[in-house]
Amino acid sequence: MSDFAKIQSSPSGVAGTSHGTRSAARWLLSKIMGGIFVLWAVFTAIFFGLRMIPGDPAQAIMGGPGSQASAEALAAAREQYGLDQPLYVQYFAQLWRLVQGDLGTSYSLKSPVVEVLAELLPPTLILAGLALLVAWAMALVLAVLSTRSGAVGVALGSGLEIISAAVPHFWLASVLIMLFSTMLGWLPPVSTNTPAGLVLPIITLALPLAGFMGQVMRDSMAEAQRSAFALSARARGESETGVLLRHSLRHGALGGIALSGWALGSLLSGAVVVESIFARPGLGRSLLSAVTARDIPLVTGVALFSAAAYVLIMAFSDLAERLVDPRIGRS
Amino acid sequence: MSASEPLLRVKDLDVSFGGNSVVSGISFTVNPGECLALVGESGSGKSVTARSLLGLAGPGSHVRATALDVAGKDARNFSQRSWRSLRGKEVGFILQDALTSLDPLRTVGKEIDDALRLHSSGSGSQRAARVVELLEAVGLDDPLRRASQRSGELSGGMRQRALIASAIALDPLLIIADEPTTALDATIAASVMDLLGDLRRAGSGMLLISHDLATVASVADSIAVMAAGRIVERGTREQVLNSPQHPYTRALLAAAPAGKPRFTKLSPASTHPKPPPLQPEQATVHQGEEDGVVLPVLSARGLIKNFPLSKTENFRAVHNVNFDLLPGQTLGVVGESGSGKTTTARMALGLLRTDAGTVELLGGPWSQVPESARRNRRSSLGAVYQDPLSSFDPRHSAEAILADALSLGATRNPRAHRQQISELLSLVGLAPDMAQRRPATLSGGQRQRLAIARALAPKPKVLICDEPVSALDVSVQAQVLDLLDELQQRLGLSYLFISHDLAVIRHMSDHVLVMRAGEVVESGTTESVFTAPAHEYTRSLLAAAPPSLSSI
Amino acid sequence: MSTHLAKLPRLLAAALLLFFLLAAIAPNLLAPVDPLAIDPAAAFSAPGPGHLLGTDESGRDIYSRIIHGARSSLLIGAAATAIGLGLALVLGTLAGFGGRWLDFGVGRILEVLFALPGLLLALVFIALAGPGVTTTVIAVGLTWAPGYARMIRAQIIALRSSAMVEAATVLGRRRSRILLVHILPNALAPLAVLATLGLGQAILWAASLSFLGLGSPPPAPEWGTMLSAGRTYLSLAWWMTFFPGLAIVLVAAAATVLSRSMKAGGSR
């Protein structure tokens, strides 16, 4: 073997275990540092962004511009939330509280943001988690079906892409309610934690997600089907089903994993719309009312939470890709 | 099935895709223990033929034949199930590019095991033992570990061996190998070819597909030459190589540079349009001759380049390289992948900073001065690449590209340089109506001619050619090499000519550098390096090169 | 498959976009009925001969309101796309050309923007700046900027180390000239595709924000506002939500189909 080939194969992190552990530790450290930076930046951007925009935060605390709160009440609110302090004092005080896990007090709900989040998180997680499962299942089935059936598959694939790109959550939800609640009366238009109450919200969230994921997975699977390794598998006597299950599906799943960050965005934005339409308590609906009331501490809390979720999900999808595909992380 | 019955009997095979005939009326047989080589250039239909024999011609294909007997069975009306029981068991198939022919997401062991699992009933542990046995048989070290690695973790040669292991797992009667060594370095290709030779001697019949007569010459018993979907010539190896009957076979043999002295024409003369009369300014005598001492036009001293792999490790790409390129001559640089040839070329072109050492161009400093000082001297140094298409702006037509090069970047309007553009086009043998075409619509050979025309536009003294013919078919390669020869003689150009192909280097060069792992292991006149190699590595390279066709 | 059949979606998409463009330029040509005319007697009329697509809670004609709403909806979409692409262009070229530190800096900014995926970035921005049409437009532009910026950056970086740039350097071209003649035009060529796709997406997202009650105030005939008003009467008059939503879906789908075929044509 030439020297070049040796050098090429050594940094894979597989050969030497001490080398492997060290690179894994370095990977973990870089992910943690990156995550902390993102959280700090989100917090800082919102803190200074609010101060750059004309308007009195105290006004927001008292219920927004229309509240016509008295000067005394405003002053009291300023003092209570530390808004009379110099800017840098406020910033570092809040940052310090953030480090300790204190996200402040919600203006509109008048209770600690951490408690609000803890209460709102479970219903949203149930909804989003179930929708993600349904979407993956639908995407896999769609991808396999459309890969197996040539021209029909191509039409199905592009149809799915257009649906996921052009049908907004709010319209899908409205149409579903119209069909299954108003006209057929099968399912309730208001979401509860009963199975029937979850069906429409989950479909609303899962359908656009499945459309896009299915289309991306179909593309990677179709590429795998056409590849030289699929040809050599067939030349070994592998059946078409075998090629699909043993080779293409794995490549398709890799395409799906790569969309994890996008999926989180779709689920979170979807949750805002879906929880509002189906009158379902959760993170999304509370975020909307917080935005409407300009409840900055709660908005900051949700933003920080979602940023943390994003960082975490990206790290996991990176890890998953590395496990499925040893080529990554080698260059 | 009796021993005398052929393994493969093909009569009047036609393959078409949606009405377009790709293979028409070809016939051949392969007997047990025999090796037939199917040789042709790209588009000749040789790969489609190979795939048709396994029922894998692909979607939309239409295959017909008066006889198609594979391993003693009439395969004309085979069901998918019958094909599957044939594939891998009776017929082993080896594809060209092992990097993509093994699933990058699965271990090598699993890939080989698939063949066993699909056709035999051995238990898991029996199969696992067989996988290791197979990997050992194809010459992989540490087969137990290799079985648990994925193809991305293996080198090119190891991958190809693993792929062969998966194809021979069930001792098939017939092995079909489609360009099994094309993507490999010469020494590795030679050892893979040896492995295939061993398999054949063990009794398997073999159908070997290749674009290169020289590669198959050492293994094949008989050769069929394909062109445009037909077999134009067929016979024993000796017949085809020594007394070729068909003009296409003769042209193919003539196009191979191996064993052809410098400046002999490789391509039929008729393909070259008559060049325009020489302009006096271009017919100047060689530069740099002062008082009888010949000064080099391009010289390098102690070139070093390292690329950081991590904070602590460096990849030594080029280490202490020296050379002198003399006026009007060609300095060939030969080496396998990773030998530092291209890095050396990039430093000579002033595209890459040297870590240490200097390059001088026409006696003046080159690598040590800033780009701003190099810029107005760049007209004396041109470059030709392996992949010309990517070196053109896709939005510009051929004439716009040449106008830009002629005007030193002042304009892309072809009208200003109408005369010079048509001169350049005819100089490199391109028809005048190519001027309006975009590079993407030109053929591979035409693109390389356009690239040469662009390089010549500023009237350079030195051309650096980095694998200029590696991506081309043999006959097109011959034309481009002839063109480079002709231009050198007419214009007095000096070439730094980089190639992995020993035969091309020998045909083109006056002096040769042999590089390995970033170092020059041997240098000297072409004659001395090729006839009396001093370094062991040069000798192994020469031994690995396919034999010159005339010596068979 | 015949080529005519393959072209059908593209032709349909182009025709749809042209129809809405005409609606935006000359709405009275397509819908002579006043979109603001109140007729309490005809409130909540179902789609039928009198009112093609029904009426809303004040008896205003939905069809007329959709046609007259095309202008502001398309303008909102175009403005948001322009903001998004403009911002992406600045960030992408800075990162692509600005050297290692600028690339690092822009990379971090994009990372932070990506960490607030989907509507979230827009919602946070609206929380800071307050609701309204202008805020919505900026918020939607902001949402799409990081993705576009990353594409532009990747394109520029790939082009910078391309053989084409190397060949121009060997010919003695200045860096500034290479940038202007070779890198920028090739890097920006895909922007037309992005802009087409982006227009549809921006309209869709702006409508989502309007639906949530954060966009333009009623009674202006704007699709998002109509949706937001219709939401209250979802069980009573489904057509109030369905048809304005359908208009948005059609525009977004047409833009997607068109950008897809542009992309396929460009790579050929």
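What counts as what
- Residues numbered from 1 in each chain as written.
- Chains lettered and ligands numbered in written order.
- Predicted model: local features only at pLDDT ≥ 70, side-chain atom pairs only at ≥ 80, totals over all residues.
- Heavy atoms only, no water.
- Domains from an automatic or database assignment.
- Contact = heavy atoms within 4.5 Å.
- Buried area = accessible area lost by both parts, 1.4 Å probe.
- Salt bridge = Lys/Arg side-chain N within 4 Å of Asp/Glu carboxyl O.
- Polar contact = N/O pair within 3.5 Å; in protein donor to acceptor, adjacent residues only side chain to side chain.
- Helix = DSSP H or I, 4+ residues; strand = E, 2+ residues; numbered from the N terminus.
- Nonpolar A, V, L, I, M, F, W, Y, C, P; charged D, E, K, R; others polar.
- Patch = residues over 30% accessible without salt bridge, like charges linked within 9 Å, V, L, I, M, F, W, Y side chains within 5 Å.
- Areas by Shrake-Rupley, 256 points an atom, 1.4 Å probe, with all protein chains shown as cover.
- Buried < 20%, exposed > 50% of the residue type's maximum accessible area, 1.4 Å probe, protein only.
- Pairing = 2+ DSSP bridges.

**Description of the domain arrangement of chain A**
All names here are of chain A.
Move 1: What the domain assignment reports for chain A is domain 1 (16-99) and domain 2 (113-324).
Move 2: The straight-line distance from the C-alpha centre of domain 1 to that of domain 2 is 30 Å.
Move 3: Facing the twelve residues of domain 1 at the interface are 13 residues of domain 2.
Move 4: When domain 1 packs against domain 2, close to 1,100 Å² is buried across both sides, 80% of that on carbon and sulfur atoms.
Move 5: If you look at where domain 1 meets domain 2, you find one salt bridge.
Move 6: For Asp318, the salt bridge goes to Lys31, with nearest N and O atoms at 3.3 Å.
Move 7: Counting the contacts that link domain 1 with domain 2 gives two residue pairs in polar contact (both at pLDDT 80 or more).
Move 8: If one sorts the elements of the side of domain 1 that touches domain 2 by residue count, helix α2 (residues 17-52) sits on top with nine residues.
Move 9: Residue composition of the side of domain 1 that touches domain 2, by class: ten nonpolar, one polar and one charged.

**Section: the interface of chain A and chain C**
Move 1: The partner chain C presents 40 residues to the 45 residues of chain A that form the contact.
Move 2: When chain A packs against chain C, close to 3,600 Å² is buried across both sides, 80% of that on carbon and sulfur atoms.
Move 3: Taken as a group, Phe170(A), Trp171(A) and Val291(A) account for 18% of the area that chain A buries against chain C, more than any other trio of residues on that side.
Move 4: Remark: the boundary between chain A and chain C carries zero salt bridges.

**Looking at a nonpolar patch on the surface**
Move 1: Together, Leu28(A), Leu29(A), Ile32(A), Met33(A) and Ile36(A) make up an exposed nonpolar region whose accessible area comes to about 500 Å².
Move 2: Leu29(A) sits in the exposed class, given a relative accessible area of 52%.

**Description of the sheet that holds strand β14 (residues 298-308) of chain B**
Residues and elements named next belong to chain B.
Move 1: In spatial order, the strands read β15-β14-β17-β18; together these four strands make up an open sheet with antiparallel pairing. Strands at the two margins of the open sheet, each flanked by one partner only, are β15 (314-325) and β18 (364-365).
Move 2: With five bridges joining them, β14 and strand β17 (residues 356-361) adopt antiparallel strand pairing. Counterpart to Arg301 in the pairing with β17 is Thr358.

**Observations regarding the pattern of salt bridges**
Move 1: Per the counting criterion, the structure on display carries 36 salt bridges over all chains.
Move 2: Measuring nitrogen to oxygen at the nearest pair gives 2.6 Å for the salt bridge that ties Arg177(C) to Asp404(B). Here Asp404(B) lies in helix α14 (residues 398-406) and Arg177(C) lies in helix α8 (residues 175-188), a pairing that spans two chains.
Move 3: For Arg177(C), a relative accessible area of 22% corresponds to the partly exposed category.
Move 4: Taking the relative accessible area as the measure of exposure, Asp404(B) reaches 8% and is therefore buried.
Move 5: Shared partners join several salt bridges into a network, and the residues in it are Arg236(A), Glu238(A), Arg246(A), Arg106(B), Glu111(B), Asp114(B) and Arg117(B).

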